[in-house]
Amino acid sequence: MTTHTPTHTRSASSLPDAVRTTWPLLALALAALLLGACASTPPPVEKMAVAEAAVERASSAGTRENAPAELQIAIGKLTRARQAVVNKDYERAGQLAEQAELDAHVAEAHAQSVRSQRSATESQNAARVLQEEINRKIVR
């Protein structure tokens, strides 16, 4: 006598409705998650261009003379942003580019402040000398 053992294979149509409708949604969600994880931050082309322009504009003789430390900070961050682009660390490159732009503006503002202070001091000295000259002429 031959015994027949039943096989336990199920077709998709024999699965419960909840499993049949949930499984494709789970597969789709997993695929979306995997694709999202593979997506990378695009290169910060615009941020780099803005930072390059800001640092170049700040690199005037006046800023190099009156705010060299601030200018050097901006140049250093721009250099690190360029290296981050080479390393394809675009998020870090974008952050450094923004910081370099701001530091370039700080350098320009500091240099302008130093020039303004110097000009104010010169004006005060000229006014003092003029007042002394007027006082000498009155005393005579």
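These figures come from a predicted structure and were not determined experimentally.

Chemist: Hey, could you run me through the nonpolar core in this one?
Modeler: Inside soluble globular proteins, nonpolar side chains tend to come together where they are buried. In terms of nonpolar packing, the biggest core is built from 14 residues, with Val-55, Leu-78 and Ala-104 touching the most fellow members. Elements with a contribution of two residues or more to this core: α2 (45–58), α4 (68–86) and α5 (90–139). Setting aside its immediate chain neighbours within four residues, Val-55 contacts Leu-71, Ala-74, Ile-75, Leu-78, Ala-100 and Ala-104.

Chemist: Help me out: how do you make sense of the pattern of salt bridges in this one?
Modeler: When the charged atoms of two side chains with opposite charge come close together, those side chains can pair. Following the criterion strictly, the structure yields 7 salt bridges and no others. One salt bridge connects Lys-47 with Glu-98, and the closest N-O pair in it is separated by 2.9 Å. On the criterion of sequence distance, the pair formed by Lys-47 in helix α2 and Glu-98 in helix α5 is long-range, its members being 51 residues apart. The exposure class assigned to Glu-98 is partly exposed, which follows from its relative accessible area of 36%. Across the salt bridge formed by Arg-118 and Glu-65, the nearest N and O atoms sit 3.9 Å from each other. Taken together, the residues span a long stretch of sequence, with Arg-118 in helix α5 and Glu-65 in helix α3 (residues 61–66) at a distance of 53 residues. For Arg-118, a relative accessible area of 38% corresponds to the partly exposed category.

Chemist: Which parts of the structure should I look at to understand α2?
Modeler: Count 3.6 residues to each turn of an α-helix, and residues three or four apart come out pointing the same way. The terminal C-alpha atoms of α2 lie 20 Å apart, and with 14 residues this matches the ideal 20 Å at 1.5 Å per residue to within 8%. Among the residues of α2, Met-48, Ala-51, Ala-54, Val-55 and Ala-58 are the ones counted as buried. Buried residues of α2, viewed axially, fall in a sector of 130 degrees; they line one side. Projecting away from the buried face of α2 at angles above 90 degrees are the exposed residues Val-45, Glu-46 and Glu-56. Where α2 is buried, its residues touch α3, α4 and α5.

Chemist: Is there a simple way to explain the side chain of Asp-103 in this structure?
Modeler: Relative to the assigned elements, Asp-103 resides in helix α5. Apart from the residues within four sequence positions on either side, Asp-103 is in contact with Glu-70, Ile-73, Ala-74 and Lys-77.

Chemist: Please clarify how the packing of α2 against α4 should be interpreted in this entry.
Modeler: Packed helices, taken two at a time, are described by the angle their axes make and the gap between the axes. Contact pair α2 / α4: the axes reach a minimum separation of 10 Å and the direction vectors enclose 150 degrees. By the angle between their axes, α2 is roughly antiparallel relative to α4. Crossing angle aside, the handedness with which α2 passes α4 is left-handed. Only Leu-71, Ala-74, Ile-75, Leu-78, Ala-81, Arg-82 and Val-85 of α4 make contact with α2, whose side of the interface consists of Met-48, Ala-51, Glu-52, Val-55 and Ala-58. For the contact of α2 with α4, the residue count by class is 10 nonpolar, no polar and 2 charged.

Chemist: Whenever I open this one, the side chain of Lys-77 confuses me. Can you help?
Modeler: Relative to the assigned elements, Lys-77 resides in helix α4. Exposure remark for Lys-77: the relative accessible area of 18% places this residue in the buried category.

Chemist: Sorry if this is basic, but what is going on with the environment of Glu-46 here?
Modeler: Here Glu-46 shows up in helix α2. Residues Glu-46 and Gly-94, spaced 48 residues apart in sequence, show a C-alpha to C-alpha distance of 9.1 Å.

Chemist: Would you mind going over the confidence of the model for the chain with me for this structure?
Modeler: Close reading of the predicted structure is inappropriate where its pLDDT is low. Overall, the predicted model of the chain reaches an average pLDDT of 83, with 71% of residues at or above 70. Averaged pLDDT values for the elements of the chain fall to 56 in helix α1 (residues 17–38) and rise to 98 in α4.

Reading guide: rules and limits
Residues numbered from 1 in each chain as written. Predicted model: local features only at pLDDT ≥ 70, side-chain atom pairs only at ≥ 80, totals over all residues. Heavy atoms only, no water. Core = buried A, V, L, I, M, F, W, Y, C linked by side-chain atoms within 4.5 Å. Buried < 20%, exposed > 50% of the residue type's maximum accessible area, 1.4 Å probe, protein only. Helix = DSSP H or I, 4+ residues; strand = E, 2+ residues; numbered from the N terminus. Contact = heavy atoms within 4.5 Å. Salt bridge = Lys/Arg side-chain N within 4 Å of Asp/Glu carboxyl O. Expected span 1.5 Å × (residues − 1). Arc of directions from axis to C-beta. Axes fitted to C-alpha atoms, helices over the stretch in contact; angles between N-to-C directions. Parallel < 35°, antiparallel > 145°, perpendicular 65-115°, else oblique. Left-handed = near helix turned anticlockwise from the far one by under 90°. Nonpolar A, V, L, I, M, F, W, Y, C, P; charged D, E, K, R; others polar. pLDDT = per-residue confidence, 0-100.

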